[in-house]
Amino acid sequence: MIYFSAVVPERGTSMVDENEQYGEMIRQAIKATPDATVPIGLDAVHSVLMPGDPAPLQELVGRLLLPQPGGYMTGSLDLPPVTEIGVGAAYVLCADDSALARPGTEFAARLGVDPLVIPGTHMTMLTRPDTVAEALLSA
């Protein structure tokens, strides 16, 4: 299993509990929507998901993003990491990913692996697919 700049929550911990500041923003967003989702605004695309990428690309991605289910972020699972049940894992981390609740190195460590660090932001899969493909193949 390959994790790509992903949150790997501690056992029994929800994503919103990984970072107090992120958690509060997410909880407020969920409360403000009638369907308990977390909308992702263009400001988040500019400042967190794709900082430094061309504005037209940021705007295109911003228009295509859908609200995320809040329950996915507030719920937790009491399951061991995949590596503890015999599934091999790798973690690919974008060097400039500022969207994660904690440093990606911490999430990789929870799997017992060192991250394979590649250049780019959280949305590098869209902006540098060739780099991501090479990393996934080497992982």
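The coordinates are above.
Since this is a predicted model, take the numbers as computed values, not measurements.

**Overview of the sheet that holds strand β1 (residues 2-4)**
Link 1 in the chain: Taken together, the three strands give an open sheet; going across it, the order is β1-β4-β5, and neighbouring strands pair in parallel fashion. The two strands at the open ends of the sheet, each matched to only one other strand, are β1 and β5 (116-118). Averaged over all adjacent pairs, the angle separating strand axes in this sheet is 20°, with direction ignored.
Link 2 in the chain: Across the sheet, helix α5 (residues 104-111) lies against β1 and β4 (90-94), angled at about 180° from β4, the strand it touches most.
Link 3 in the chain: Sheet contacts for helix α7 (residues 129-138): β1, β4 and β5; angle to β5, the most-contacted strand, approximately 170°.

**A few points about α5**
For an α-helix the count is 3.6 residues per turn, leaving residues at separations of three or four pointing the same way.
Link 1 in the chain: Among the residues of α5, G104, F107, A108 and L111 are the ones counted as buried. Buried residues of α5, seen end-on, are gathered within an arc of 100° and therefore sit on one face of the element.
Link 2 in the chain: Next to the buried residues of α5 lie β1 and β4.
Link 3 in the chain: Phi turns positive, to about 80°, at G112, one or two residues after α5.

**A look at the pairing of β4**
Link 1 in the chain: Counting buried positions over the five residues of β4 gives five, a clear majority of the element.
Link 2 in the chain: Alternating residues of β4 divide into A90, V92 and C94 and Y91 and L93, and every residue in both groups is buried.
Link 3 in the chain: Alignment of β1 against β4, held across three bridges, turns out to be parallel. In the strand pairing of β4, Y3 is matched with Y91.
Link 4 in the chain: Examined bridge by bridge, β4 and β5 share three bridges and lie parallel to one another. Bridge pairing in β5 links L93 to V117.

About the criteria used
Residues numbered from 1 in each chain as written. Predicted model: local features only at pLDDT ≥ 70, side-chain atom pairs only at ≥ 80, totals over all residues. Heavy atoms only, no water. Pairing = 2+ DSSP bridges. Helix = DSSP H or I, 4+ residues; strand = E, 2+ residues; numbered from the N terminus. Axes fitted to C-alpha atoms, helices over the stretch in contact; angles between N-to-C directions. Contact = heavy atoms within 4.5 Å. Buried < 20%, exposed > 50% of the residue type's maximum accessible area, 1.4 Å probe, protein only. Arc of directions from axis to C-beta.

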